[in-house]
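Below, each chain spelled out in residue letters.
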Amino acid sequence: MDVSGATAAGRADLARGTHQPALRAYHARLLLSLIRRHGSLPKAEIARLTGLSAQTASVIMRRLEADGLLTKEAPKRGKVGQPLVPFSLNPEGAFFIGLKIGRRSGDLILLDLAGHIRAKIHQPYAFPTPGTISSFVKRGLDGLSNGLDATGRNRIAGLGIAVPFELWNWEEETGADRAILDAWRGVDVQKEIEALCPWPVYFCNDATAACAGELVFGSGAQHRDYIYFFVSYFIGGGVVLNGSLFPGRSGYAGAVGTLPVPDGSGRTQQLIRSASLYVLERSLSEAGRDPSVLWQSPDDWGDIGRPLEDWIARSAQSLSYAITAAASVIDFPAVIIDGAFPAAVRERLVGTVRARMGSVDTRGLAPFEIISGTIGSDARAMGAASLPLLANFAADRDVLFKETT
């Protein structure tokens, strides 16, 4: 992933003793990346996977353990020889903050080195303004950091931001006043947040960040190439090639919401107009239901009835065409679908997409899997938090698949 949006302070090594040091050594980063992927590994297996000598691997792992990044697990006795001592990531070794700015809600999370969410603050709103986001971040950062002791606060490596590009667009779809939308023009979100926190700040498109979250913490690590669809207020997505997130020349790669799909009247429209949650929001309002549940409780909508059934059917039909178009450009072996909705809704949507694919002409395309994402509504915030993690503690993403080839 491109994390060039980090501040100069973020690109410099963090001072040892006040912050966990940024790891510049390739092999140290590689070892951490391998252990993240496998969960735990003994020294002998690390040496085998990396091609390092046993002595070199041992030296690096001792240093990582001394730095508090690795921890020993209970020895495991094999059939012969000495027991193997697996090493795993020490959750307390580093912390990362993720900020998601959405069109209907914002999230701040504190993530530990092992990828566990230690704290989360969720804030619904009608539509964000620069002022409301600044206030939310000020309050939230105090709350998140105060939950750590002094050592933990010194191990916060940075803050990542996931935000939609062009927040000032889509007036009709968002229902926001033009003055509120225009307030975002010319705002440098990264600089605004840098002024509020003492850590390096990183920046990414929200749907791309969600894709990063799935790649680093979810099922995406099991697939070398895939296209990713994330259903939120507007549907977006990302592209992973050779085990690396591919942002494109301007960060717009995977902008799946613009893919043309049939509109049901013989014409086409963008995927965003049928497979986005704003469409469901409008349907609920028209049915006399309160749509705020979509944003107040993204993991539990309760029973919202027929509008949801109709939305899933329309979204699945549109997604089947969009997936076919994407697969015809790049030979993706896998398609991952996730979104800011309850897991049960995701499974119903994915199942309906699979069923709808049977009515789409896919002749000339290689077979591909349609897979459920694993993170859900937290994907964008976790992806944001992954930016400082990747910048400081991960090897080049291409190496994450070398050990399985």
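Scroll up for the structure.
Residues numbered from 1 in each chain as written. Predicted model: local features only at pLDDT ≥ 70, side-chain atom pairs only at ≥ 80, totals over all residues. Heavy atoms only, no water.

## Thoughts on the overall build of the protein chain
Piece 1. When helices and strands are tallied, the protein chain shows 15 helices and 15 strands.
Piece 2. At 22 Å, the protein chain has a C-alpha radius of gyration in line with the 22 Å of a compact globule built from 405 residues.
Piece 3. Taking all 405 residues of the protein chain together, the buried fraction comes to 54%.
Piece 4. Sequence-distant contacts, at least 24 apart, represent 67% of the contacts inside the protein chain between residues at least 6 apart.
Piece 5. Only carbon and sulfur atoms are counted for the fraction: they give 51% of the accessible area of the protein chain, which is about 17,200 Å².
Piece 6. Between the averaged position of the 42 positive side-chain charges in the protein chain and that of its 41 negative side-chain charges there is a distance of 6 Å. (Helix = DSSP H or I, 4+ residues; strand = E, 2+ residues; numbered from the N terminus. Rg over C-alpha atoms; globule rule 2.2 N^0.38 Å. Buried < 20%, exposed > 50% of the residue type's maximum accessible area, 1.4 Å probe, protein only. Contact = heavy atoms within 4.5 Å. Areas by Shrake-Rupley, 256 points an atom, 1.4 Å probe, with all protein chains shown as cover. Lys, Arg positive; Asp, Glu negative; His and termini not counted. Charge placed at Lys NZ, Arg CZ, Asp CG, Glu CD.)

## Some words on the sheet that holds strand β1 (residues 41–42)
Piece 1. Pairing in this open sheet of three strands is antiparallel, and the strands run β1-β3-β2 from one edge to the other. Sheet topology places β1 and β2 (70–72) at the edges, where each strand pairs with a single neighbour.
Piece 2. Helix α4 (residues 54–66) rests against β1, β2 and β3 (86–89) of the sheet, and its axis sits at about 100 degrees to β2. (Pairing = 2+ DSSP bridges. Axes fitted to C-alpha atoms, helices over the stretch in contact; angles between N-to-C directions.)

## Thoughts on the environment of Tyr321
Piece 1. Inspection of the secondary structure puts Tyr321 in helix α13 (residues 306–329).
Piece 2. On the basis of relative accessibility, which here comes to 31%, the residue Tyr321 falls in the partly exposed class.
Piece 3. If near-sequence neighbours (up to four positions away) are discounted, Tyr321 is found in contact with Val261 and Pro262.

## Focus on the packing of helix α11 (residues 277–286) against α13
How two helices sit against one another is set out by the angle between their axes and by the gap between those axes.
Piece 1. Taken N-terminus to C-terminus, the directions of α11 and α13 make an angle of 150 degrees; their axes are 10 Å apart at the nearest point. It follows from the interaxial angle that α11 and α13 lie roughly antiparallel. Here α11 runs over α13; the crossing is right-handed. Contacts between α11 and α13 involve Leu277, Val279, Leu280, Ser283 and Leu284 from the first element and Pro307, Leu308, Trp311 and Arg314 from the second. (Parallel < 35°, antiparallel > 145°, perpendicular 65-115°, else oblique. Left-handed = near helix turned anticlockwise from the far one by under 90°.)

## With respect to the sheet that holds strand β9 (residues 226–231)
Piece 1. Sheet architecture is open: five strands sit in the order β11-β10-β9-β14-β15, paired in mixed fashion. Among the strands making up the open sheet, the edge pair consists of β11 (244–245) and β15 (369–372).
Piece 2. Sheet topology note: the β9/strand β10 (residues 236–241) ladder contains five bridges and is antiparallel. Bridged to Tyr228 within β10 is Gly238.

## Considering the packing of aromatic side chains
Piece 1. A full pass over the atoms with the stated rule returns 11 aromatic pairs.
Piece 2. Measuring from centroid to centroid gives 5.9 Å for Tyr233 and Tyr278, while their planes differ by 35 degrees, and the two rings are tilted. On the criterion of sequence distance, the pair formed by Tyr233 in the loop between β9 and β10 and Tyr278 in helix α11 is long-range, its members being 45 residues apart. Both residues of the pair, Tyr233 and Tyr278, count as buried.
Piece 3. A network of ring pairs unites the aromatic residues Trp170, Tyr233, Phe234, Tyr278 and Trp295 as a single cluster. (Phe/Tyr/Trp six-rings, centres within 6.5 Å; stacked < 30°, edge-to-face > 60°.)

## Notes on the nonpolar core
Piece 1. Core analysis: the largest hydrophobic core is formed by 90 residues, its most contacted members being Phe229, Trp311 and Leu349.
Piece 2. Take this core: its biggest share by element is nine residues, from α13.
Piece 3. One finds Tyr125, Leu141, Leu148 and Leu181 within the second-largest nonpolar core, a separate group that totals 27 residues. (Core = buried A, V, L, I, M, F, W, Y, C linked by side-chain atoms within 4.5 Å.)

## Quick look at the environment of Thr129
Piece 1. Looking at where Thr129 falls in the secondary structure, it is placed in the loop between β6 (117–124) and α5 (130–146).
Piece 2. On the basis of relative accessibility, which here comes to 22%, the residue Thr129 falls in the partly exposed class.
Piece 3. A C-alpha to C-alpha distance of 31 Å links Thr129 and Arg155, two positions 26 residues apart in sequence.
Piece 4. Ignoring sequence-local partners within four residues, the contact set of Thr129 consists of Ile180 and Trp184.

## Some remarks on the side chain of Ser377
Piece 1. If you trace the backbone, Ser377 turns up in the loop between β15 and α15 (379–393).
Piece 2. Overall, Ser377 belongs to the buried group, its relative accessible area being 4%.
Piece 3. Those residues in contact with Ser377 that sit more than four places away from it in its chain are Lys120, Pro298, Asp299, Gly339 and Ala340.

## Here's the deal with the environment of Trp295
Piece 1. Within the secondary structure, Trp295 sits in helix α12 (residues 293–296).
Piece 2. When its relative accessible area of 10% is taken as the criterion, Trp295 is described as buried.
Piece 3. Spatially, the C-alpha atoms of Trp295 and Gly213 are 20 Å apart, while their sequence positions differ by 82 residues.
Piece 4. For Trp295, the contacting residues outside a window of four places in its chain are Arg104, Ser105, His122, Pro124, Tyr233, Leu277 and Glu281.

## Examining the pairing of strand β5 (residues 105–112)
Piece 1. With respect to burial, β5 is a largely interior element, eight of its eight residues being buried.
Piece 2. Burial along β5 is two-sided: Ser105, Asp107, Ile109 and Leu111 and Gly106, Leu108, Leu110 and Asp112, pointing in opposite directions, are all buried.
Piece 3. Hairpin connection from strand β4 (residues 95–101) to β5: three residues lie between these consecutive antiparallel strands.
Piece 4. The antiparallel hairpin formed by β5 and β6 contains four residues in its connecting segment, where Gly115 sits at a positive phi of about 90 degrees.

## Re the side chain of Asp338
Piece 1. Take Asp338: it is sitting in strand β14 (residues 334–339).
Piece 2. Relative accessible area serves as the criterion here: at 0%, Asp338 is assigned to the buried category.
Piece 3. Looking at Asp338, its side chain comes within polar contact range of the main-chain nitrogen of Ile375, at 3.3 Å.
Piece 4. Reaching out from Asp338, the side chain makes a polar contact with the backbone nitrogen of Gly376 at a distance of 2.8 Å.
Piece 5. Aside from chain neighbours lying at most four places away, what touches Asp338 is Glu214, Tyr228, Phe229, Phe230, Val231, Arg346, Gly373, Thr374, Ile375 and Gly376. (Polar contact = N/O pair within 3.5 Å; in protein donor to acceptor, adjacent residues only side chain to side chain.)

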